[in-house]
Amino acid sequence: MSQKDWPLWEVFIRSRQGLDHKHVGSLHAADARMAMENARDVYTRRLEGVSIWVVESKNIHASNPDEAAQFYDPAEDKAYRHPTFYNVPDDIEHM
Amino acid sequence: MTNEEIFEKKIQDEVRIEPKDWMPEAYRKTLIRQISQHAHSEVVGMLPEANWITRAPTLRRKATLLAKVQDEAGHGLYLYSAMETLGMPRSQAIDDLLSGKAKYSSIFNYPTLSWADMGTIGWLVDGAAILNQVPLCRTSYGPYARAMVRVCKEESFHQRQGFEIMQSLCEGSADQKAMAQDAINRWWWPTLMMFGPRDAESGNTELSMKWRIKRFTNDELRQKFVDMMVPQAQFLGLTIPDEKLKWNADKNGYDFGDVDWDEFWKVVKGQGPCNKQRLEARNKAHDQGAWVREAAAAYAEKRAKREKIGASA
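Residues numbered from 1 in each chain as written. Chains lettered and ligands numbered in written order. Predicted model: local features only at pLDDT ≥ 70, side-chain atom pairs only at ≥ 80, totals over all residues. Heavy atoms only, no water.

Asks: What is the right way to look at the overall build of chain B in this model?
Replies: Looking only at helices and strands, chain B features 13 helices and two strands. Compactness check: chain B gives a C-alpha radius of gyration of 22 Å against a globular reference of 20 Å for 313 residues, within 12% of the reference. The 313 residues of chain B split such that 50% are buried. In the structure as shown, chain B presents an accessible area of about 15200 Å², 55% of it carried by carbon and sulfur atoms. (Helix = DSSP H or I, 4+ residues; strand = E, 2+ residues; numbered from the N terminus. Rg over C-alpha atoms; globule rule 2.2 N^0.38 Å. Buried < 20%, exposed > 50% of the residue type's maximum accessible area, 1.4 Å probe, protein only. Areas by Shrake-Rupley, 256 points an atom, 1.4 Å probe, with all protein chains shown as cover.)

Asks: What should I look at first to understand the interface of chain A and chain B in this one?
Replies: Across the boundary between the two partners, chain A contributes 22 residues, which contact 24 residues of chain B. Buried area between chain A and chain B, summed over both chains or domains, comes out near 2000 Å², and the portion from carbon and sulfur atoms is 50%. Put simply, chain A and chain B have five salt bridges between them. Residues Asp-71 of chain B and Arg-45 of chain A are paired through a salt bridge, measuring 2.9 Å at the closest nitrogen-oxygen approach. (Contact = heavy atoms within 4.5 Å. Buried area = accessible area lost by both parts, 1.4 Å probe. Salt bridge = Lys/Arg side-chain N within 4 Å of Asp/Glu carboxyl O.)

Asks: I would appreciate a short explanation of unusual backbone geometry in the present structure.
Replies: Most peptide bonds adopt trans geometry, and most residues besides glycine take a negative phi value. All names here are of chain B. One non-glycine residue with positive phi stands out, namely Glu-14, at about 60 degrees. Tracing the backbone shows Glu-14 in the loop between helix 1 (3-12) and helix 2 (25-44). Taking relative accessible area as the criterion, Glu-14 reaches 35% and is therefore assigned partly exposed. For Asn-252, which is not a glycine, the phi torsion comes out positive at approximately 55 degrees. Structurally, Asn-252 can be placed in the loop between strand 1 (246-248) and strand 2 (253-255). Taking the relative accessible area as the measure of exposure, Asn-252 reaches 58% and is therefore exposed.

Asks: Which parts of the structure should I look at to understand the nonpolar core?
Replies: As a rule of thumb, nonpolar side chains are buried together in soluble globular proteins. With 96 residues, the main nonpolar core has Val-11 of chain A together with Tyr-27, Ile-35, Trp-123, Tyr-141, Trp-188 and Phe-225 of chain B as its most contacted residues. For this core, the element with the most residues is helix 6 (residues 116-133) of chain B, which contributes nine residues. Ignoring sequence-local partners within four residues, the contact set of Tyr-27 of chain B consists of Phe-7, Ile-11, Ile-17, Ser-140, Tyr-141, Trp-211 and Ile-213 of chain B. (Core = buried A, V, L, I, M, F, W, Y, C linked by side-chain atoms within 4.5 Å.)

Asks: In this structure, what is going on with a nonpolar patch on the surface? I would like to understand it.
Replies: Nonpolar side chains collect at one region of the surface, where Tyr-80, Phe-85 and Tyr-86 of chain A lie side by side and expose about 340 Å² of accessible area between them. Relative to the assigned elements, Tyr-86 of chain A resides in the segment after helix 3 (73-76). (Patch = residues over 30% accessible without salt bridge, like charges linked within 9 Å, V, L, I, M, F, W, Y side chains within 5 Å.)

Asks: Explain the sheet that holds strand 2 (residues 21-28) of chain A here, please?
Replies: To summarise the sheet geometry, strands pair through backbone hydrogen bonds and adopt either a parallel or an antiparallel arrangement. Residue and element names in this part refer to chain A. In spatial order, the strands read 2-1-3; together these three strands make up an open sheet with antiparallel pairing. The open sheet terminates on both sides in strands that have one partner only, identified here as strand 2 and strand 3 (51-56). Neighbour-to-neighbour, the strand axes of the sheet open up by a mean angle of 25 degrees, direction not taken into account. Direction of pairing for strand 1 (residues 8-14) relative to strand 2: antiparallel, over a ladder of seven bridges. Looking across to strand 2, one finds that Glu-10 is bridged to Ser-26. Here helix 1 (residues 32-43) sits on the sheet in contact with strand 1, strand 2 and strand 3, set at roughly 110 degrees to strand 2. (Pairing = 2+ DSSP bridges. Axes fitted to C-alpha atoms, helices over the stretch in contact; angles between N-to-C directions.)

Asks: Can you help me understand the packing of helix 6 of chain B against helix 7 (residues 142-170) of chain B in this one?
Replies: Working note: a packed helix pair is described by the angle between its axes plus the distance between those axes. All names here are of chain B. Running from N to C, helix 6 and helix 7 point in directions that differ by 145 degrees, and their axes come no closer than 7 Å. Classified by chirality, the crossing of helix 7 by helix 6 is left-handed. Looking at side-chain class alone, the contact of helix 6 with helix 7 contains eleven nonpolar, ten polar and two charged residues. (Left-handed = near helix turned anticlockwise from the far one by under 90°. Nonpolar A, V, L, I, M, F, W, Y, C, P; charged D, E, K, R; others polar.)

Asks: What is the right way to read helix 6 of chain B from this model?
Replies: Residue and element names in this part refer to chain B. Between its first and last C-alpha atoms helix 6 spans 24 Å; for 18 residues at 1.5 Å apiece the expected length is 26 Å, and the two agree. At Asp-126, helix 6 shows its largest bend, some 30 degrees. With 17 of 18 residues buried, helix 6 is to be regarded as a mostly interior element. (Expected span 1.5 Å × (residues − 1). Bend = angle between axes of the 7 residues up to and from the residue.)

Shown next as structure tokens:
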């Protein structure tokens, strides 16, 4: 296996407790452990993270932007799912 | 709307383009060229500075320089990562760098002769890089813009540590001050060249502006840089090596002399003082690292096998 074959990994970092892991970029590594160590060296040199996920890129399934219109269509005409759809009299408080 | 129209509208509306979105082939190609050149510049940029790690004057300077060089490696990786989202394999980009096919910033083909060059690179060269890079945080391609946000955060440390080195030298002995002046004498013009050819001669500028990959032209950035740097040089008590440098109240900026464009094109075409040396050093490092890549691969394979046996037992 040459470097050309090293798989691509996506890196996700939780910047502090209480926050979500967020995608920060990718890197190549021979296995998960090396991906983790490389991710630490590349993406957290200034304490940017308290937790790292690495996921082999081939395992990520993404929605297709070309089909976005149909794909998100079901939510488009449902304004009644938002609080601002409902009228509340001005003198009602805490709502 | 056609794909082309959707794309143009996103650009107009300042909606970022993301990897899986449709984009014109020329946009993709321009980005691959620019991002890979940018990544290569970060990687080659480690060489002139690595040269001084063992000779840094104090432990503090040495730790700083090590951290800075490590940052440059990181910047290269962020950028290769952004480039790969466009379908260009990293291994191919690296092969292009090692074979001499790909370009990188001409500034790194100049030698670092004294310790003051470390200060000058941080202060001047990284200062110029920041001017180029800050607008790229809003570039139209999402992954590139996000990578640049991280790069810019870290560049600020680079510039400040460079200025601090210059300030120490300028407040030091006469010899130290002379060393600082000698460094700015050698680096000033090559730094102005970092912004690229004049607008009239920059083949890529017009399309890059239209697609909002670039936000300012080469000449606009060069002017900004001079205006920004003159007061800083004055503070340090250093003379900028340009007799034509003069405040122009009408344009509210400095007039300055013309860059030696023959020299610029020579360095771009591979005939700079260190082009050969840099590529040789890069190739040597790559070849000498082969055993590490092979060992990592062999180890990963062994572990995968062991895990398989473990799972079936």
